[in-house]
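Observations on the three-dimensional arrangement
Listed below are the residues making up each chain.
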Amino acid sequence: MQGKEISQAVIRRLPRYYRYLGELLEDGVERISSNDLSERMKVTASQIRQDLNNFGGFGQQGYGYNVKHLYTEIGKILGLEQDHNMIIIGAGNLGQALANYAAFEKRGFVLKGIFDINPALKGKEIRGVKIRMMEELGRFVPENNVEIAALTIPKEKAIEVARVLVDSKIRAIWNFAHTDLNLPEHIIVENVHLSESLMRLSYNICRYNEEHR
């Protein structure tokens, strides 16, 4: 697999495979065929085989996939066997909701700090993680080996804060701010536009209503 360029479409599907395989494990399923997995995920069996072949295949003809083994291997591909220190910037409703999401730790994402500009929040804790003021950010990131910063702040502040993060040697930004960040190429940015998801839902609802009049 070394040196092979994997398409972003395949990478976007990997977490979904991981989630479904985790559910199969919880249900006590030991092995599954690509056809059965296809029916559950609504992805063609051919697509599943093509995706997994990018990483070595993992299946056996006539047997299918060992669910536990495949779950473990996809977890390794996604980097989930190692911890990733992260912070949240913005302790508003969305920031607090993310901080309260206990499943982060199960996936190896360790919340090290929460930052905000509101002095009334200073020193308060969410699930044992202290809210700090923004002036601490530049020192906190390198001192705590923080790799990921989640931005849950207004777009007017996002670019300024992102620059501070870049200077602090952050590796990746999980961007919930309603703006695109123009950052150096070595900074990994995952944009989450909630309003765009709603607009896609709106489009599909309209198409469905038109077809079923």
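Residues numbered from 1 in each chain as written. Predicted model: local features only at pLDDT ≥ 70, side-chain atom pairs only at ≥ 80, totals over all residues. Heavy atoms only, no water.

Brief notes about the pairing of strand 7 (residues 148-151)
We apply this condition: Partly exposed residues are those whose accessible area sits between 20% and 50% of the maximum for their type, while under 20% is buried and over 50% is exposed, using a 1.4 Å probe and protein chains only. For helices the rule is a DSSP run of H or I covering at least 4 residues; for strands it is a run of E covering at least 2, with both sets numbered from the N terminus onward. Whether two strands pair comes down to DSSP finding at least two bridges between them. If you view a crossover with the strands going away from you and the path from the first strand over the helix to the second runs clockwise, you call it right-handed.
Residues of strand 7 alternate between two faces, with Ile148 and Ala150 on one and Ala149 and Leu151 on the opposite face, all of them buried. Note that strand 3 (residues 84-89) and strand 7 share four bridges and pair parallel. Bridge assignment links Ile89 to a residue of strand 7, and that residue is Leu151. In this structure, strand 7 lies alongside strand 8 (residues 172-175), joined through four bridges in parallel fashion. Paired with Ile148 across the strands is Ala172, a residue of strand 8. The handedness of the strand 7 to strand 8 crossover, carried by helix 8 (residues 155-167), is right-handed.

Re the packing of helix 2 (residues 34-41) against helix 3 (residues 45-53)
Applicable threshold: Between the N-to-C directions of two axes lies an angle of 0 to 180 degrees, each axis being a line fitted to C-alpha atoms and, for a helix, fitted only over the stretch in contact. Any angle that falls under 35 degrees is termed roughly parallel, while one over 145 is termed roughly antiparallel, one within 65 to 115 roughly perpendicular, and all others oblique. Throughout, a residue-residue contact means that at least one pair of heavy atoms, one from each residue, lies within 4.5 Å. Only Asp, Glu, Lys and Arg are considered charged, only Ala, Val, Leu, Ile, Met, Phe, Trp, Tyr, Cys and Pro nonpolar, and every remaining residue, Gly among them, polar.
Look at helix 2 against helix 3: their axes get within 8 Å of each other, and the N-to-C directions meet at 110°. Relative to helix 3, the element helix 2 lies roughly perpendicular. Here Ser34, Asn35, Leu37 and Ser38 of helix 2 lie close against helix 3, whose contacting residues are Ala45, Ile48 and Arg49. Classifying every residue of the contact of helix 2 with helix 3 by side-chain character gives three nonpolar, three polar and one charged.

Some points on the sheet that holds strand 3
The seven strands lie next to each other as 5-6-4-3-7-8-9, forming an open sheet whose pairing is mixed. Looking at which strands have only one partner, the edges of the open sheet turn out to be strand 5 (125-126) and strand 9 (188-191). Across the sheet, helix 8 lies against strand 3, strand 7 and strand 8, angled at about 170° from strand 7, the strand it touches most.

A short note on the nonpolar core
This is how it is decided: Take the buried residues of types Ala, Val, Leu, Ile, Met, Phe, Trp, Tyr and Cys, join any two whose side-chain atoms come within 4.5 Å, and each joined set is a nonpolar core.
Membership of the largest hydrophobic core comes to 22 residues, with the highest contact counts inside it found for Tyr17, Leu21, Ile48, Leu52, Tyr65, Leu70 and Ile74. Counting residues per element, the ones that place at least two in this core are helix 1 (8-26), helix 2, helix 3 and helix 4 (67-77). Element by element, the count of residues in this core is highest for helix 1, at seven residues. If we skip the residues at most four places from it in the chain, Leu21 touches Val67, Leu70, Tyr71 and Ile74. Counting 21 residues, the second largest nonpolar core, distinct from the first, contains Val146, Leu165, Val166 and Leu183.

Things to note about helix 1
Each α-helix turn comprises 3.6 residues. Residues three or four places apart therefore point the same way. Test applied: Here a helix's expected span is defined as the number of its residues, less one, multiplied by 1.5 Å.
Here helix 1 is 19 residues long and its end C-alpha atoms lie 28 Å apart, about the 27 Å a rise of 1.5 Å per residue gives. Of the residues making up helix 1, those classed as buried are Val10, Leu14, Tyr17, Tyr18, Tyr20, Leu21, Gly22 and Leu24. Of the surrounding elements, those touching the buried residues of helix 1 are strand 1 (31-32), helix 2, helix 3 and helix 4. Once helix 1 finishes, Gly28 follows within two positions and takes phi at roughly 80°, a positive value.

Concerning a nonpolar patch on the surface
We apply this condition: To count toward a patch, a residue needs a relative accessible area over 30% and no salt bridge; like charges are then connected within 9 Å, while nonpolar side chains (Val, Leu, Ile, Met, Phe, Trp, Tyr) are connected within 5 Å. Accessible surface is estimated by sampling points in the Shrake-Rupley manner with a 1.4 Å probe; for residues, cover comes only from the protein chains shown. Salt bridge, as applied in this entry: a Lys or Arg side-chain nitrogen positioned within 4 Å of an Asp or Glu carboxyl oxygen.
Residues Leu198, Leu201 and Ile205 make up a contiguous nonpolar surface patch of roughly 310 Å² in combined accessible area. As for its position among the elements, Leu198 is in helix 9 (residues 194-211). The class of Leu198 is exposed, set by a relative accessible area of 58%.

Concerning the pattern of salt bridges
Enumeration over the complete set of coordinates arrives at six salt bridges. Between Glu23 and Arg19 there is a salt bridge, with the nearest N and O atoms lying 4.0 Å from each other. Of the two residues, Glu23 and Arg19 both sit in helix 1, four residues apart, roughly one turn of that helix. Judged by its relative accessible area of 42%, Arg19 is partly exposed. A salt bridge links Glu73 to Lys76, with the shortest nitrogen-to-oxygen separation between them at 3.5 Å. Of this pair, Glu73 and Lys76 both sit in helix 4, three residues apart, which is roughly one turn of the helix.

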